[in-house]
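Residue-level listing of the chains:
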Amino acid sequence: VRRFHEYLCDATHSSLESYLFKLSFNDEVVGIVYGFLMRDWFYFYQSGFQTVDQVKSPGVLLHLLTMRYLANERLAR
């Protein structure tokens, strides 16, 4: 598994970019989204979330923020 990710994240693969998005609340990480961008497509790979009373759905929030970032990123290129 480690070699797989090292290969994917290797800088020589110019058409593939890895992304790790993090959502924090009160200096505590409550969500992570990990995936790859290749030829204008984002390939979601894995995520993990932790519930906190003040954030009703950290998973939905982080996925929406991820999509917004990627849409803005693609439009800026």
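Going by the structure above, here's the rest.
Summary of the structure given here. (Residues numbered from 1 in each chain as written. Predicted model: local features only at pLDDT ≥ 70, side-chain atom pairs only at ≥ 80, totals over all residues. Heavy atoms only, no water.)

Before going further, it helps to examine the overall build of the protein chain. Tallying secondary structure elements over the protein chain gives 2 helices and 3 strands in all. The N-to-C order of helical and strand elements in the protein chain reads α-β-β-β-α. The burial tally for the protein chain puts 26% of its 77 residues in the buried class. Within the protein chain, residue pairs in contact and separated by at least 24 positions form 35% of the contacts whose partners lie at least 6 positions apart. On the protein chain, roughly 6000 Å² of surface is accessible, and the fraction owed to carbon and sulfur atoms is 55%. (Helix = DSSP H or I, 4+ residues; strand = E, 2+ residues; numbered from the N terminus. Buried < 20%, exposed > 50% of the residue type's maximum accessible area, 1.4 Å probe, protein only. Contact = heavy atoms within 4.5 Å. Areas by Shrake-Rupley, 256 points an atom, 1.4 Å probe, with all protein chains shown as cover.)

On to the pairing of strand β3 (residues 41-49). With 8 bridges connecting them, strand β2 (residues 28-38) and β3 associate as antiparallel partners. Across the sheet, the residue bridging to L37 is F42, located in β3. In this antiparallel pair of consecutive strands, β2 and β3, the connection spans 2 residues, and R39 shows a positive phi of 50°. (Pairing = 2+ DSSP bridges.)

Take the sheet that holds β2 next. The sheet built from 3 strands is open, its strands ordered β1-β2-β3 with antiparallel pairing. Each of the sheet's edge strands pairs with one partner strand only, and the pair in question is β1 (16-25) and β3. Between one strand and the next, the sheet's axes are offset by a mean angle of 20°, whatever the strand orientation. Sheet topology note: the β1/β2 ladder contains 10 bridges and is antiparallel. (Axes fitted to C-alpha atoms, helices over the stretch in contact; angles between N-to-C directions.)

Here the focus is the packing of aromatic side chains. By the definition in use, this model includes 8 aromatic pairs. Centroid distance Y19 to F21: 5.5 Å. Interplanar angle 10°. Geometry classified as stacked. The pair formed by Y19 and F21 is uniform in burial state, with each residue classed as buried. Their ring planes at 85° and their centres at 5.7 Å tell us that Y34 and Y45 sit as a pair that is edge-to-face. With Y34 in strand β2 and Y45 in strand β3, this pair connects stretches of sequence that are 11 residues apart. Given a relative accessible area of 38%, Y45 falls into the partly exposed group. (Phe/Tyr/Trp six-rings, centres within 6.5 Å; stacked < 30°, edge-to-face > 60°.)

Counting residues in hydrophobic clusters, the biggest one holds 10 residues: Y19, F21, L23, V30, V33, L37, V52, V55, L62 and L70. Secondary structure elements with two or more residues in this core: β1, β2 and α2 (58-76). Once residues within four sequence positions are removed from consideration, L70 is found in contact with Y19, F21 and F42. (Core = buried A, V, L, I, M, F, W, Y, C linked by side-chain atoms within 4.5 Å.)

Below, the discussion takes up a nonpolar patch on the surface. Together, V60, L64 and M67 make up an exposed nonpolar region whose accessible area comes to about 300 Å². Structurally, M67 is set in helix α2. According to the relative accessible area criterion, M67 is exposed, its value standing at 52%. (Patch = residues over 30% accessible without salt bridge, like charges linked within 9 Å, V, L, I, M, F, W, Y side chains within 5 Å. Salt bridge = Lys/Arg side-chain N within 4 Å of Asp/Glu carboxyl O.)

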